[in-house]
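# Per-entry structural report
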Amino acid sequence: MANRPKTSWRLVGATALLTVPFIALSLDIAEDDPSVSESEILPKAASSLLLDIARTDSGFVAVGERGHVLISTDGKTWEQVATPTRSTLSTVSAQGASVWAAGHDGIILFSADSGRTWQRQRAQPWSADSQELTNGSPVLDTLFTSPTEGYAVGAYSLLLKTEDAGTTWTALSVGGSSPAAVVDMTASDTGTFDDSALELGAESDPHLNAITRTESGVLLVMGERGAGFRSADGGASWSKLRLPYAGSMFGLITLGGERVLAFGLRGNVYQSDNAGGSWRKIESGTEISLIGGTVGADGTVVLVGSNGTLLARRVGEENFSAKNIQLGSGQTPALSAAVATDGGYLLTSDLGAVNTNVQ
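Source: prediction; values computed, not measured. (Residues numbered from 1 in each chain as written. Predicted model: local features only at pLDDT ≥ 70, side-chain atom pairs only at ≥ 80, totals over all residues. Heavy atoms only, no water.)

Here the focus is unusual backbone geometry. The residue Arg 66 is not glycine, and still its phi comes out positive at about 55°. As for its position among the elements, Arg 66 is in the loop between strand E2 (60-64) and strand E3 (69-72). Overall, Arg 66 belongs to the partly exposed group, its relative accessible area being 36%. One non-glycine residue, Ala 275, lies in positive phi territory at about 55°. Secondary-structure assignment places Ala 275 in the loop between strand E19 (269-272) and strand E20 (280-282). (Helix = DSSP H or I, 4+ residues; strand = E, 2+ residues; numbered from the N terminus. Buried < 20%, exposed > 50% of the residue type's maximum accessible area, 1.4 Å probe, protein only.)

Moving on: the layout of surface pockets. Looking at the largest pocket, its volume works out to about 1200 Å³. Surrounding the largest pocket, 41 residues form its lining, Asp 52, Val 92, Asp 141, Thr 142 and Gly 293 being those nearest its centre. If one sorts the elements of the lining of the largest pocket by residue count, strand E5 (residues 89-95) sits on top with six residues. (1 Å grid on protein atoms, 1.4 Å probe; cavity = no way out; pocket = protein on both sides within 12 Å on 5 of 7 lines; lining within 4 Å. Points joined across faces, edges and corners; volume = space filled by probe spheres on them.)

A word on the environment of Ile 253. By secondary structure assignment, the location of Ile 253 is in strand E17 (residues 249-256). Relative accessible area serves as the criterion here: at 9%, Ile 253 is assigned to the buried category. Taking the C-alpha atoms as reference, Ile 253 lies 9.8 Å from Leu 303; in sequence the two are 50 residues apart. Excluding residues within four positions of it along the chain, Ile 253 makes contact with Thr 212, Arg 259, Val 260, Leu 261, Phe 263, Gly 293, Thr 294, Val 295, Val 301 and Leu 303. (Contact = heavy atoms within 4.5 Å.)

Pairing is antiparallel across the open sheet formed by four strands, whose spatial order is E17-E18-E19-E20. Lying at the two open borders of the sheet, with one neighbouring strand each, are E17 and E20. Ignoring which end each strand starts from, the neighbouring axes of this sheet average 30° apart. Both strand E18 (residues 259-264) and E19 contribute to a ladder of four bridges, which runs antiparallel. (Pairing = 2+ DSSP bridges. Axes fitted to C-alpha atoms, helices over the stretch in contact; angles between N-to-C directions.)

On to the packing of aromatic side chains. Overall, the coordinates contain four aromatic pairs when judged by the stated rule. Pairing Trp 100 with Phe 144 gives two aromatic rings, centres 3.5 Å apart and planes at 10°, and the pair type is stacked. One end of the pair, Trp 100, is in strand E6 (residues 98-103); the other, Phe 144, is in strand E9 (residues 139-144), with 44 residues separating them in the sequence. Accessibility classification places Trp 100 together with Phe 144 in one group, the buried group. When the ring of Phe 144 is compared with that of Trp 169, the centres are 6.1 Å apart and the planes differ by 90°; the resulting orientation is edge-to-face. Taken as a pair, Phe 144 in strand E9 and Trp 169 in the loop between strand E11 (158-162) and strand E12 (170-171) lie far apart in primary sequence, 25 residues in all. Across the pair, Trp 169 and Phe 144 agree in class, each one buried. Every member of this aromatic cluster is reached through a ring pair, and the members are Trp 100, Phe 110, Phe 144 and Trp 169. (Phe/Tyr/Trp six-rings, centres within 6.5 Å; stacked < 30°, edge-to-face > 60°.)

Here it is, written out as structure tokens:
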């Protein structure tokens, strides 16, 4: 992996525009670069690493490694379709027939026909010529609040917004971040470090893993080491928030109204009933890291993670019950995302898509 260049500038204060809006290709990229190369149609793509899934107006779209995109009308039979990238796709969002997929090398793709055909809206693979902090940063999550307005977040505090369905993307900053704490790593006379010496300070530019929006329009972003940010004006300005837990959060889901659930490292789950103003811990019953989640039509909350872990919390319950997913082959998948179907849930994993229920 190439080393990232050190930047000579820092972002300060509330949200600011970093550059002119990004358009399809923001840097000169070699024609044979994998990020802008056509994906390969492979016979085993349906059982390969899939990282996210979304429901469209006509079925489902799942995305994963090597630019793989698979579509299905029933969640059981899958068809791989061609895409203009071989970069890993880590997130997908849909608004009716409009679908956006994004991932490594700053790739953002768009489909106007429920995922059947794709065009590239953005690509920004790492370049030795760029001094941007987010040079080559992967997009880790996307959120579309309408067919035209959307957001993308990723590594090194990458934050993008579009107001024209992704034709252009404007780089924003959560702002207000402070340098990471300096830790004295001098061992004691016994040759060991005490707990305070091993504590990690907050990152100055944390990776942003997840974004969601409450019913009133408050945007929430969560990332590594308990970092969180909130905006009540469509991303124009942000305030910092921190969970009681200082570990990384990998996912956010809204529960209706101003209620939000954050989940992540070591099975930690926290709920806010006031759009991130305060948080309380929810017992998950596991120390398995939780990566993805969704809310069913009946209000059931489903969270998934590695080792086939599926947690479910029905309406009226406070804590989660656990279920272990195992394939007919006897393999235990690492689960990454979930979406509700008419009769259960569709999950993505390192072994493809998995159908299940929460009974």
